Amino acid sequence: MSSIINTKIKPFKATAFHEGKFVPVSEQDLAGKWSVVVFYPADFTFVCPTELGDLADFYPKFQEIGVEVYSVSTDTHFTHKAWHDASDTIKKINYPMIGDPTGAITRNFGVMIEEEGLALRGTFVINPQGEIKVAEIHDLGIGRSAAELFRKVQAAQYVANHDGEVCPAKWTPGEATLAPSLDLVGKI
């Protein structure tokens, strides 16, 4: 499997359920800003609403740092609306919920389970130039943390804006970064 890190996202067109409406979404909507794309297996399931609800709680923080969040499953945008109407947890969501019933977007990001027509739990952080900077894929039974995703986005933004610096493990804004050099070899 080849890495998709630093590759550009592929063109796509889809419909999302967002703020009570069906809206068109394409790769052009991601251009010019930081984006997080979160794939999940299916609506009306078990781990998925815990993750999406966690993201909904963190969504204002993502927006404060100029990041749009998109969730994607192979369900339709109609199913997303029905789930939104039926679930108090999903009702909290204010970010676009993209329907990918053909699986084209899911395949583009390499997270399709072909035998089931469902997505793995894939998380992707995309910079304003449309390049994938973080890619993380989980098995279906392993939920993700919006807090850790938020930290990774902050680190990606920091590295993008501070040439020659890198963020160590567990880095958060305000903490020391590293400037890789010969002087650091063997001293960390």
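Residues numbered from 1 in each chain as written. Predicted model: local features only at pLDDT ≥ 70, side-chain atom pairs only at ≥ 80, totals over all residues. Heavy atoms only, no water.

Another point: the pairing of strand β1 (residues 13-18). Pairing between β1 and strand β2 (residues 21-26): 6 bridges, direction antiparallel. Directly across from H18, in β2, lies its bridge partner K21. From the end of β1 to the start of β2, which pair antiparallel, there are 2 residues, and E19 there has a positive phi angle of about 50 degrees. Relative to strand β5 (residues 97-99), β1 is paired through 3 bridges, and the arrangement is antiparallel. In the sheet register, A16 faces β5, and the bridge partner there is I98. (Pairing = 2+ DSSP bridges. Helix = DSSP H or I, 4+ residues; strand = E, 2+ residues; numbered from the N terminus.)

Quick look at the sheet that holds strand β3 (residues 34-39) now. Backbone-to-backbone hydrogen bonds join strands into a sheet, with any given pair of strands oriented parallel or antiparallel. Sheet architecture is open: 7 strands sit in the order β2-β1-β5-β4-β3-β8-β9, paired in mixed fashion. Two strands close off the open sheet at either side, each with one partner strand: β2 and β9 (132-138). Shown here is a sheet whose adjacent strand axes are inclined to one another by a mean of 25 degrees, direction ignored. Strand direction decides the pairing type here: β3 and strand β4 (residues 67-73), joined by 6 bridges, are parallel. Its bridge partner being in β4, W34 is matched across the sheet by V67. Against the sheet, helix α2 (residues 47-64) touches β3, β4, β5 and β8 (121-126), its axis set at about 165 degrees to β4. Along the sheet, helix α6 (residues 146-161) makes contact with β3, β4, β8 and β9, crossing β3 at roughly 145 degrees. (Axes fitted to C-alpha atoms, helices over the stretch in contact; angles between N-to-C directions. Contact = heavy atoms within 4.5 Å.)

Inspection of the secondary structure puts A135 in strand β9. It is 7.2 Å that separates the C-alpha atoms of A135 and G122, two residues lying 13 residues apart in sequence. With near-sequence residues (within four places) excluded, A135 lies in contact with I4, I5, T123 and F124.

Tallied over the entire structure, the rule returns 2 cavities of 30 Å³ or more. Each pocket or cavity is described by its volume, and for the largest cavity that value is around 70 Å³. If you trace the largest cavity, you find it lined by V38, E51, D54, L55, T123, R144, S145, A146 and L149. Taken together, the elements giving at least two residues each to the lining of the largest cavity come down to α2 and α6. It is α2 that contributes the most residues to the lining of the largest cavity, 3 residues altogether. The residue makeup of the lining of the largest cavity, split by class, is 4 nonpolar, 2 polar and 3 charged. When its volume is computed, the second largest cavity comes out at roughly 40 Å³. Lining the second largest cavity are F12, L30, V37, Y70, V72, I98, I105 and F109. Partitioning the lining of the second largest cavity into residue classes produces 8 nonpolar, no polar and no charged. (1 Å grid on protein atoms, 1.4 Å probe; cavity = no way out; pocket = protein on both sides within 12 Å on 5 of 7 lines; lining within 4 Å. Points joined across faces, edges and corners; volume = space filled by probe spheres on them. Nonpolar A, V, L, I, M, F, W, Y, C, P; charged D, E, K, R; others polar.)

In this section: the packing of aromatic side chains. Evaluation of the coordinates by the stated rule reveals 11 aromatic pairs. A centroid spacing of 5.6 Å and a plane angle of 65 degrees characterise the contact between Y59 and Y95, whose relative ring orientation is edge-to-face. Taken together, the residues span a long stretch of sequence, with Y59 in helix α2 and Y95 in the loop between α4 (88-91) and β5 at a distance of 36 residues. Of the two residues, Y59 and Y95, neither departs from the other in class, the shared state being buried. (Phe/Tyr/Trp six-rings, centres within 6.5 Å; stacked < 30°, edge-to-face > 60°. Buried < 20%, exposed > 50% of the residue type's maximum accessible area, 1.4 Å probe, protein only.)

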